[in-house]
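Letter by letter, the chains look like this.
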Amino acid sequence: MARSVGAGLEPGPHIHAGFTKDRLMRGTLLFMAPLAALGVAAIGWKVLAHLAIALSTAAAFHFALVLGERRLRGQVLHPSWLSSLVAGAIVALSVLAVTPYAVTFAITALAIVLKFVQGWVFERKYLNPAATAKVLLLGGMTALAGMEEGLMYHPHHLWLDMVSSEGFRAALDWMYADGPFSPGLNLFLWKTHAWIGGVSGLATLLLGAAACWVLRLKWRIPLAFLGGMALLSVILAGATGGDPLLRLAFHMFTGSVIFLAFFMATEPQSTPMTELGQYLFGALLACLTFLLQLRGVLGGSVIALVALDFLTPVLDRVGIRRAVGEKGRVRA
Amino acid sequence: MPEFYRERGGFVVDARMKHGLEERPFEEVPAPPEAVVFLRQHLGPAGRPLVRQGQRVMAGEKIADGDDPLSVPVHSPVTGTVLAIRSVIHPMSGEEEQALLIRTEDEALPKPTEETDPRSLSPEEIVARVRAAGVVGLGGAGFPTHAKLKAARGVRHLIINAKESDPNVACDIRLLRERPREVVEGIEVLARALGNPEVIVATRTQAGELPEFEGLLRERGYRLVHIRPCYSVGSERLLVPEVLGREVPLGGYPPDVGVLVHNVGTAYAAGQAVRYGLPLLSRGLTFWARDSGGRNLWVRVGTPVGHILRYLGIEEARFDRFVFGSALMGWAVPDLNVPVVKATTGIVGLSPKEPSPYRHSLPCMRCGYCDSVCPVRIFPSLILAAGRRDDKAALRRLKLAACIECGLCSYVCPSRIHFTAVLRHGKRLLQEMKSPSPKS
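Every value quoted in this text rests on a predicted model; they were computed, and no experiment measured them.

What counts as what
- Residues numbered from 1 in each chain as written.
- Chains lettered and ligands numbered in written order.
- Predicted model: local features only at pLDDT ≥ 70, side-chain atom pairs only at ≥ 80, totals over all residues.
- Helix = DSSP H or I, 4+ residues; strand = E, 2+ residues; numbered from the N terminus.
- Rg over C-alpha atoms; globule rule 2.2 N^0.38 Å.
- Buried ≥ 20, exposed ≤ 12 C-beta atoms within 10 Å, placed from the backbone.
- Contact = placed C-beta atoms within 7 Å.
- Nonpolar A, V, L, I, M, F, W, Y, C, P; charged D, E, K, R; others polar.
- Pairing = 2+ DSSP bridges.
- Domains from an automatic or database assignment.

**Section: the overall build of chain A**
Here's step 1: The secondary structure content of chain A amounts to 16 helices and zero strands.
Here's step 2: By the compact-globule yardstick of 20 Å for 332 residues, chain A fits well, its C-alpha radius of gyration being 22 Å.
Here's step 3: When its C-alpha atoms are laid out on the principal axes, chain A stretches across 80 × 55 × 35 Å.
Here's step 4: Sorting the 332 residues of chain A into buried and exposed places 51% on the buried side.
Here's step 5: For chain A, the proportion of contacts with a sequence separation of at least 24, taken over those separated by at least 6, is 70%.

**So, the interface of chain A and chain B**
Here's step 1: The interface is formed by 43 residues belonging to chain A together with 62 residues belonging to chain B.
Here's step 2: Here the residues of the side of chain A that touches chain B are counted per class, giving 19 nonpolar, eleven polar and 13 charged.

**Points about the sheet that holds strand 7 (residues 62–65) of chain B**
Residues and elements named next belong to chain B.
Here's step 1: Judged by pairing direction, the sheet is antiparallel, and its three strands sit side by side in the order 5-7-8 without closing on themselves. Both outer strands of the open sheet, strand 5 (48–49) and strand 8 (74–75), are each paired with one neighbouring strand and no more.
Here's step 2: Alignment of strand 7 against strand 8, held across two bridges, turns out to be antiparallel. Of the residues in strand 8, the one forming a bridge with lysine 62 is histidine 75.

**Comments concerning the domain arrangement of chain B**
Residues and elements named next belong to chain B.
Here's step 1: Taken domain by domain, chain B holds domain 1 (113–276) and domain 2 (369–434).
Here's step 2: Computed over C-alpha atoms only, the centres of domain 1 and domain 2 are separated by 30 Å.
Here's step 3: Across the boundary between the two partners, domain 1 contributes six residues, which contact six residues of domain 2.
Here's step 4: Here the side of domain 1 that touches domain 2 is composed, by residue class, of two nonpolar, three polar and one charged.

Shown next as structure tokens:
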């Protein structure tokens with residue numbers, strides 16, 4: 001027994017609830033697993049290939065960076081390999097099945113590098129690694145190779161008329177005709193052309209909500225995001241005529257919205273801490289995503305998310321709640 | 001008894017350490033061969049020693065006192081000889097402080113004097129007797145009881161805190177079961193000193209669980225309130241709004257809203273002091289260790305933890321440190337010679353196989369768990385970031401002063417960050433802002 005007086009003193013607490021970062025990451029992976037299975041069922045074996053590439057790339061880059069970190073810094077800042085696997089899974093579930101495998105590999109690799117580098121430089125992540133990697137890589141490719149090959153967005157989508165009710169209807173009939181149901185129901189239940197993690201809007205909604213509840217994710221962000229999208233859809237449907245349910249189905253349940261709402265926009269480090277900050281983040285995310293969708297940038301939520309991440313330090317200053325006792329504060 | 005306490009944000013505190021402890025009666029631990037009696041047993045300045053090395057002292061004899069309004073006399077817990085004055089780690093501060101080493105020569109405790117009816121005493125006389133007996137808050141904080149009574153005269157409510165929220169402590173409930181009459185007599189004493197305010201007893205028990213105690217309260221017209229199972233509500237700052245619906249102002253104290261809160265153990269000690277002239281020499285506490293479970297003990301102040309282990313028949317070598325007080329708030333001290341003080345509510349023995357859960361913390365991932373669970377509604381995550389860059393303006397904006405250091409932010413943190421050190425550092429920075437040094 002160490003008896004030297006003054007040595008080894010520890011202030012409380014001395015017990016812990018037992019819920020660790022690894023358990024949080026494991027839980028996130030478990031909630032995403034059924035989405036991956038649905039992706040395979042709806043789209044096919046290519047989904048498995050994307051998952052295998054993304055997960056193995058994430059693991060490989062994680063271990064390589066940890067090794068380098070240990071050699072160069074003498075300590076490991078991010079030892080949780082499950083966290084890197086989550087980033088890999090998010091990348092895989094946020095691409096289209098038609099995406100070249102090399103692109104999935106490159107986005108994943110860049111995401112893991114961004115995750116580590118932000119930690120080394122800023123001691124936290126300011127930008128969502130998966131979203132930023134996707135925007136940087138596809139944006140760079142688009143700039144270098146042109147729109148058609150760049151994959152940032154599909155140039156033929158840019159000419160779609162997403163505002164008028166007739167144009168919107170025609171666009172949806174063209175994009176979501178493949179599937180067992182009508183375009184509206186396909187969007188809600190079973191898409192064959194979407195982000196892999198969002199093939200079933202309903203399943204993603206239910207699993208995402210369950211993940212928020214069980215893992216205590218920042219639920220105010222998806223609530224404000226999806227609520228905002230719903231509100232804007234109804235307003236636009238009212239202004240332009242047409243079926244409001246179809247508007248809702250499209251603006252809320254495209255894969256890039258519903259998957260991002262729960263599994264990317266709730267990324268803890270790059271999003272605000274205060275309740276009001278989270279609501280504002282979600283609402284602004286909805287506004288920006290909605291505008292991009294109307295411009296034909298259908299996977300634009302990821303661009304909006306990265307843009308909003310820059311606002312997080314500001315939003316952290318908004319909505320500092322009243323502390324207990326502050327109402328009757330005794331002035332010094 | 002519920003074994004999980006529900007906190008804000010849907011989190012729970014595991015209180016299974018208490019399992020079955022309420023059923024275990026107090027065991028009287030014999031006096032130690034050598035008592036280690038700190039000159040400071042409370043929240044306030046240390047007393048001056050009134051005895052010298054080699055002097056023989058009687059059990060109950062005053063051995064230290066001071067002139068400060070917040071000083072409290074200390075009495076010898078045994079009859080014996082003062083061997084030395086030594087520096088020992090104080091379990092309340094975690095720092096070395098002066099203690100008298102007294103060799104026990106006679107274990108007998110002082111006999112009660114003839115019973116005094118508190119109704120025959122003025123409030124001032126009661127306060128003087130409470131101080132003379134060295135009574136301090138026994139709920140863990142150790143604030144001088146006489147100072148609290150003096151400052152709060154005329155309050156409208158006296159809340160007796162029998163909530164006993166700490167997950168490792170069961171001695172208050174035992175006190176209510178084993179000595180209900182003495183506790184109620186003590187409550188009467190405190191109420192008389194305050195000018196007979198409304199008395200409310202707050203417990204975590206269910207109605208009918210403490211029949212004798214509940215009957216005695218009914219006889220006197222005292223109100224019994226059953227508090228929801230929640231760790232953080234044990235703090236007086238949160239107990240007052242829970243019971244009366246009014247918040248204690250930030251920077252203020254319960255008397256600012258017409259309330260005084262005393263622990264049930266304090267009430268017992270005050271009753272013994274005023275009615276029978278007995279100084280505070282011993283107290284109930286709960287010892288807990290993973291292998292041996294929990295025991296409720298009646299221990300003299302100044303008893304080193306090593307002596308308690310010998311009494312319990314537990315091998316000393318099994319432990320490498322001991323938590324004094326709450327498992328969520330107390331200091332862990334790696335020394336068998338550290339003694340029980342008046343404010344010690346419990347001791348947890350930790351083996352080398354139970355290292356601190358916070359020894360390998362990860363960077364904050366801003367999950368917000370700490371912000372959700374915080375019972376005073378501040379943002380530990382943002383305070384952590386501001387504290388690390390010594391941003392005093394941000395610490396003030398984030399209302400760090402409201403922090404009650406309950407430890408819940410660390411308890412739920414998935415990255416196992418030890419917030420307490422940062423929060424205390426931040427509070428010191430704020431104090432420096434309030435009271436700049438004379439040079440500045």
